[in-house]
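# Inside the fold
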Amino acid sequence: MREQVLTWLAANVPATRIDHILRVERMAVELADSHNIDREKAASAALMHDLAKYFSPKRLLQMAKADGLEVDEVLATNPHLLHADVGAIVARKNFSINDKEILQAIANHTLGRPGMSQLCCIVFLADSLEPARGETKELDLLRKISYSNLERAMWLTCDKRSLTLKAYRTVQYLLERRCTIHPRVITTRNWFLTQSKLKQSITGSSA
Ligand SMILES: [Fe+2]
Ligand SMILES: [Fe+2]
C-alpha cells in the first residue's frame, strides 16, 4: 500500500511536496506513539493527506460537488481549501481506504473540525509543525506541547496556522490583509480552547 501511494505521489506531486509528506508521516507516527494512538493509521493518513494538493481549482470543485460535499462561499472562492476533503475522496477511490478515521484525518487536516478525533489532531499538528515549517522558539514550543497535550497544541496551532493557501500565517495576518477566513477554523479553535481549559481545570495542569 505505501509503495503504491508513493508511486502515485511521484507522478502527481512535486518532489519537494513528497519530502514534506514524508516528514509529516514521521512526525505523525512519533505523535501517535506519544499519545497511544494507532501508528499505522497515523502513518497512512499522513502519507495521503496531500494527495489532492496540486489538483486544479476546477477539478477540486468538480470532485467535491460530485461527491456531495457542501461547498460554501468561502470554499467556492478558495477551492484550494478543498484539497483536504478531495484528498480523502482520492484515498477512498484510488487506494480503497474505507477506514473512516483515516479518511476523516485526511479530510480535516486543513480546516480542522470541532470534536475531531485524536488521530485527526495528530495529522493536523504534524502537517502544521513538521520540522521544515521553521525553527522558531514559538514553533518549537508548539511541537513540545503537541507531544504532551493534543487539545492545547490544537488551539494554539489554530491561532498561528495558515487559514488560506500557501504560507504559515496567523489569523491576525489574514485579518490585516482582508483575506477570507473559513469559519470552521474559528469553530475548531474555539472547541479546542474550551477542551484545553476543561482538561486544565480537571488536572490542574497546562502541560
Ligand atoms: Fe494540505
Ligand atoms: Fe501538508
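Per chain, residues are indexed from 1 in the order of the written sequence. For this description, chains carry letters from A and ligands carry numbers from 1, given in the order in which they are written. Two thresholds apply to this predicted model, a pLDDT of at least 70 for residue-level local features and 80 or more for giving and counting side-chain atom pairs, whereas whole-chain, interface and lining totals are computed over all residues. The side-chain figures draw on all heavy atoms in the structure; neither hydrogens nor water molecules are used.

A word on the coordination of the iron ion (ligand 2). Of the protein atoms, only H20 (NE2), H49 (NE2), D50 (OD) and D127 (OD) coordinate the iron ion (ligand 2), at distances of 2.2 to 2.3 Å. Only N, O and S atoms count as donors, using a 2.8 Å cut-off from the metal and 3.2 Å for Na, K and Ca, and because water is excluded some sites may appear unfinished. Here the iron ion (ligand 1) and the iron ion (ligand 2) are spaced 3.5 Å from one another, each receiving a donor from D50. With D50 in the loop between helix 3 (39-48) and helix 4 (57-66) and D127 in helix 8 (residues 118-129), the pair connects residues that are 77 residues apart, well separated along the chain. Only protein chains enter the accessibility calculation, which uses a 1.4 Å probe. A residue is then buried if its area is under 20% of the maximum for its type, exposed if over 50%, and partly exposed in between. Classification of D127 as buried rests on a relative accessible area of 5%. Numbering of helices and strands runs from the N terminus; a helix is a DSSP stretch of H or I covering at least four residues, while a strand is a stretch of E covering at least two.

It is worth spelling out the packing of helix 1 (residues 2-12) against helix 2 (residues 15-34) at this point. Running from N to C, helix 1 and helix 2 cross one another at 150°; their axes reach a closest spacing of 11 Å. If you check the angle between helix 1 and helix 2, you find them roughly antiparallel. Here R2, L6, L9 and A10 of helix 1 come into contact with helix 2, specifically with I18, I21, L22 and E25. Each residue gets one of three labels, nonpolar for Ala, Val, Leu, Ile, Met, Phe, Trp, Tyr, Cys and Pro, charged for Asp, Glu, Lys and Arg, and polar for the others, Gly among them. Of the residues contributing to the contact of helix 1 with helix 2, the split by class is six nonpolar, no polar and two charged. Only the stretch in contact is used when fitting a helix axis, every axis being a line fitted to C-alpha atoms; angles between N-to-C directions are given from 0 to 180 degrees. Should an angle fall under 35 degrees it is taken as roughly parallel, and over 145 as roughly antiparallel, whereas 65 to 115 is taken as roughly perpendicular and any remaining angle as oblique. Contacts are assigned to residue pairs with any non-hydrogen atoms lying within 4.5 Å of each other.

On the protein side, the iron ion (ligand 1) has D50 (OD), H83 (NE2) and H109 (NE2) as donor atoms, found 2.1 to 2.2 Å from it. Considered as a linear motif, the donors of the iron ion (ligand 1) on their single chain read D-x32-H-x25-H.

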